[in-house]
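# Observations on the model geometry
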Amino acid sequence: MTDHVSTGCDPLDELLGGGLERGAVTQVYGPPAAGKTNLALSAAIEVAAGGDAALYIDTEGLSADRMRQIASGRAAGTDQTVDDLAGRLIVSEVFDYDEQAEAVQDAAEFAPEIELVVLDSATGFYRLQRDDEDGGAALRDVARQITHLLSLARKHDLAVVFTNQVFTDPDSDRSTALGGHTLNHWSGAILRIDRFRGGNRRATLEKHRAKAAGDTAQFRITDKGMAGDDGQQPPRRE
Ligand SMILES: Nc1ncnc2c1ncn2[C@@H]1O[C@H](COP(=O)(O)OP(=O)(O)OP(=O)(O)O)[C@@H](O)[C@H]1O
């Protein structure tokens, strides 16, 4: 077994020192439509293509069409079908904060049989409460969820990735990840994604156990999922 779970996109795997690290939590954050969900889906489908299972906790109303589109791109040219790949994804749809907490707790039941847990997004419901007086309590709840997933990652040697939104700090006018230091602390790796004109994406490594912060990679989102910045689907590792 390798130390990492592939994102399905070679430039991103390279940036992350091999992919999503097992035994750790990777945070992917960025503005709306940056490509966070695409990255998470691509990684989950890559796990499925390897014959393993992934748990996908979805708070955002995942598009089944988009999932099948990426799966179909991945299955092309192999002896696997879209249904083979989709069948190895355990999708847990949650509709509110309490359901999210429950689904994260329940990840423990699946952990022995899966290679990846996706939480997309960790803070979507939290964001709505950001200005509430219990914003602090909500953040503590999310932090508890992330530490629970981290303990599963360590115990079962699986990878965990969660997505996160940005907010603009009125003082510095910079956009930073929701949950700040608290969520960053529990994230072994942090990837920020930004979107540019023409559909180009840039990922910036902001935290990593073994690599310098500030490294970047370019990629694009295509019909088939994620591709290098030449628009070509990267060659697949066997
Ligand atoms: N088939 C496709 N071909 C090219 N680009 C696509 C395709 N499907 C989706 N996209 C791109 O992906 C974007 C959405 O990406 P994604 O859902 O991963 O964003 P996100 O960062 O998760 O956003 P949010 O925070 O709003 O959930 C779309 O705006 C579009 O640019």
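Residues numbered from 1 in each chain as written. Predicted model: local features only at pLDDT ≥ 70, side-chain atom pairs only at ≥ 80, totals over all residues. Heavy atoms only, no water.

## Examining the site of the ligand
Taken together, 16 residues sit near the ligand, with A33, K36, T37, N38 and E60 positioned nearest. Backbone polar atom of G35 to an oxygen atom of the ligand: 2.9 Å apart, as the coordinates give it. Between the ligand and the protein, one listed contact pairs an oxygen atom with a backbone N or O atom of N38 at 2.8 Å. Here the ligand, which alone exposes 650 Å², has 68% of that area covered by the protein. Here the shell around the ligand gets 3 residues from one element, more than from any other, and that element is helix α2 (residues 36-49). Among the residues forming the shell around the ligand, the class breakdown is 5 nonpolar, 5 polar and 6 charged. (Near = heavy atom within 4 Å. Polar contact = N/O pair within 3.5 Å; in protein donor to acceptor, adjacent residues only side chain to side chain. Areas by Shrake-Rupley, 256 points an atom, 1.4 Å probe, with all protein chains shown as cover. Helix = DSSP H or I, 4+ residues; strand = E, 2+ residues; numbered from the N terminus. Nonpolar A, V, L, I, M, F, W, Y, C, P; charged D, E, K, R; others polar.)

## Re the confidence of the model for the protein chain
Scored by pLDDT, the protein chain has a mean of 92; 92% of the residues are at 70 or more. A low-confidence stretch, residues 234-238 (pLDDT under 50), is modelled with 14 contacts involving residues beyond four sequence positions or located in other chains. (pLDDT = per-residue confidence, 0-100. Contact = heavy atoms within 4.5 Å.)

## Points about the side chain of K36
Looking at where K36 falls in the secondary structure, it is placed in helix α2. In contact with K36, not counting residues within four places along its chain, are V28, Y29, G30, P31, T163, N164 and I193.

## A word on helix α3 (residues 64-75)
With 12 residues, α3 extends 16 Å between its outermost C-alpha atoms, agreeing within 8% with the 16 Å of an ideal straight helix rising 1.5 Å per residue. Restricting attention to buried positions, one finds in α3 the residues R66, M67, I70, A71, R74 and A75. For α3, the angular spread of the buried residues around the axis is 170°, confining them to a single face. Buried residues along α3 sit against α2, α4 (82-86), β5 (89-93), β12 (216-222) and β13 (225-228). G77 lies just past α3 and shows a positive phi near 80°. (Expected span 1.5 Å × (residues − 1). Buried < 20%, exposed > 50% of the residue type's maximum accessible area, 1.4 Å probe, protein only. Arc of directions from axis to C-beta.)

## Notes on unusual backbone geometry
In this model, D120 is joined to S121 through a cis peptide bond whose omega is 0°. For A33, which is not glycine, the phi torsion reads 65° and is therefore positive. Residue placement: A33 occurs in the loop between β3 (25-29) and α2. A33 gets classed as partly exposed once you look at its relative accessible area, which sits at 47%. You will see that D173, though not glycine, has its phi angle at about 65°, which is positive.

## Quick word on the pairing of strand β4 (residues 53-58)
Most of β4 is tucked away: 6 of the 6 residues are buried. Burial of the side chains of β4 extends over both faces: A53, L55 and I57 are buried on one face and A54, Y56 and D58 on the other. With 6 bridges connecting them, β4 and strand β6 (residues 114-120) associate as parallel partners. Bridging from a neighbouring strand, A53 pairs with I114 of β6. Pairing between β4 and β5: 5 bridges, direction parallel. Counted as the bridge partner of Y56 is V91 from β5. (Pairing = 2+ DSSP bridges.)

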